[in-house]
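The primary structure of each chain is shown beneath.
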Amino acid sequence: MTDPGIQQQEPGKGGGKGRRRAGRGRKPQGGGRAGRNLPAAIAVGLSLGLIVLAALLIEPMALLVILVVASGIGAWEMVRAFAAVGARPPLIPLIAGATLMTGLAWFYGPDALAVGLAVTVGAACLWRVADGFAAVRRDFTPSLLIAVYGPFLLSFAAMLVQLDDGPLRVVCTLVAVVLSDTGGYAAGVFLGKHPMAPRISPKKSWEGFAGSVTAAAIGSGALLFFLLDVPVYWGLLFGAVISVMAVLGDLAESMLKRDLGVKDMSNLLPGHGGLMDRLDSILFAVPTAYLLFAIITPS
């Protein structure tokens, strides 16, 4: 979920030696300062949010399907992106492993999730043995990264929703990320002057970061108090930490895409690029929320 507030379009991002897969040679449409089609981005973001919200409030089991689909699409996007640097992580075992990890996390918890990760990485290595051990060495790290960065981290949402009032906990987590993005957008556009990480994401600013943390902290303080009866000070801490992790997730994907030489993970979502470009902030936030809730609202 690229943070449009503390990062507008990143000129030169993905300008490395690899191929740029999305948007090459095209002018951005929509005229937004973020270099994206802003109306399309808003429409897609709202649609995805409504789908997840409906799943959580109407039939939480539907979230399992959403997580499986999201993990599979994420694995597909990252396999395509790694091809830009000559790596060939195997798609089939990674998608199968994504499904396995999500299911194990949903039904059996963290220990089973760890087993699922090991099985997925092992299967990816075995898939490459036929091409020789040089291929195994070449594709081991990309396969491990794909398995962890998407399915493993997303699977914490499956475990989070299983807890008492789990759907509300997931809602609080997602709202904190949205508030972080929104607060960062406003502060970054109107106040942003001091670059935060110019070598990784040139348009991020410390003012935008402060806006992200402030908005997420204040909003979460109120939301957790009214929905989960959590003291306001814990809610403030929750929102602030989730915002920090969301920004770190955004920076992590920016660094990864810069190294791979791609602008977006794919062009699947109008105004956003790929699904992983939409999930980047959420990926680090969900496991962090799982741990924080274990501290502030122990079951």
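All values derive from a computational prediction rather than experimental measurement. (Residues numbered from 1 in each chain as written. Predicted model: local features only at pLDDT ≥ 70, side-chain atom pairs only at ≥ 80, totals over all residues. Heavy atoms only, no water.)

### Thoughts on the environment of Gly 45
1) Next: Mapped onto the elements of the fold, Gly 45 is located in helix 1 (residues 38-58).
2) Next: Judged by relative accessible area, which is 23%, Gly 45 ranks as partly exposed.
3) Next: When the C-alpha atoms of Gly 45 and Arg 278 are compared, they prove to be 8.2 Å apart, with 233 residues separating the residues in sequence. (Helix = DSSP H or I, 4+ residues; strand = E, 2+ residues; numbered from the N terminus. Buried < 20%, exposed > 50% of the residue type's maximum accessible area, 1.4 Å probe, protein only.)

### Some details on the packing of helix 3 (residues 91-108) against helix 4 (residues 110-129)
The axes of two packed helices give the description: the angle between them and the distance between them.
1) Next: Helix 4 packs onto helix 3 with a crossing angle of 170° between their chain directions and a minimal axis gap of 8 Å. Looking at the two axes, helix 3 sits roughly antiparallel to helix 4. Counting all contacts with helix 3, which are made through Ile 92, Pro 93, Leu 94, Gly 97, Leu 100, Met 101, Leu 104, Ala 105 and Tyr 108, the residues of helix 4 involved are Pro 110, Ala 112, Leu 113, Gly 116, Leu 117, Val 119, Thr 120, Ala 123, Ala 124 and Trp 127.
2) Next: Tallied by class, the residues present in the contact of helix 3 with helix 4 amount to 16 nonpolar, three polar and no charged. (Axes fitted to C-alpha atoms, helices over the stretch in contact; angles between N-to-C directions. Parallel < 35°, antiparallel > 145°, perpendicular 65-115°, else oblique. Contact = heavy atoms within 4.5 Å. Nonpolar A, V, L, I, M, F, W, Y, C, P; charged D, E, K, R; others polar.)

### Quick look at the nonpolar core
1) Next: Counting residues in each nonpolar core, the largest one holds 63 residues, and the members touching the most others are Leu 224, Phe 238, Ile 242, Leu 279 and Phe 293.
2) Next: Considering every element that reaches this core, the biggest residue donor is helix 5 (residues 133-161), with 13 residues.
3) Next: Discounting chain neighbours no more than four positions away, the residues touching Phe 238 are Cys 172, Thr 173, Ala 176, Ser 220, Leu 224, Ala 289, Leu 292, Phe 293 and Ile 296. (Core = buried A, V, L, I, M, F, W, Y, C linked by side-chain atoms within 4.5 Å.)

### Observations concerning the confidence of the model for the chain
1) Next: Residues at a pLDDT of 70 or more form 85% of the chain, whose mean pLDDT is 84.
2) Next: Between residues 1-35, whose pLDDT stays under 50, and residues either more than four places distant or in other chains, the model counts 98 contacts. (pLDDT = per-residue confidence, 0-100.)

### Examining unusual backbone geometry
1) Next: Even without a glycine there, the phi angle at Asp 165 is positive, about 45°.
2) Next: Residue position: Asp 165 is located in the loop between helix 5 and helix 6 (166-191).
3) Next: According to the relative accessible area criterion, Asp 165 is partly exposed, its value standing at 36%.
4) Next: In this structure, Asp 229 takes a positive phi of about 60° despite not being glycine.
5) Next: Considering the arrangement of structural elements, one finds Asp 229 in the loop between helix 7 (206-228) and helix 8 (232-260).
6) Next: Note on Asp 229: relative accessible area 63%, which makes it exposed.

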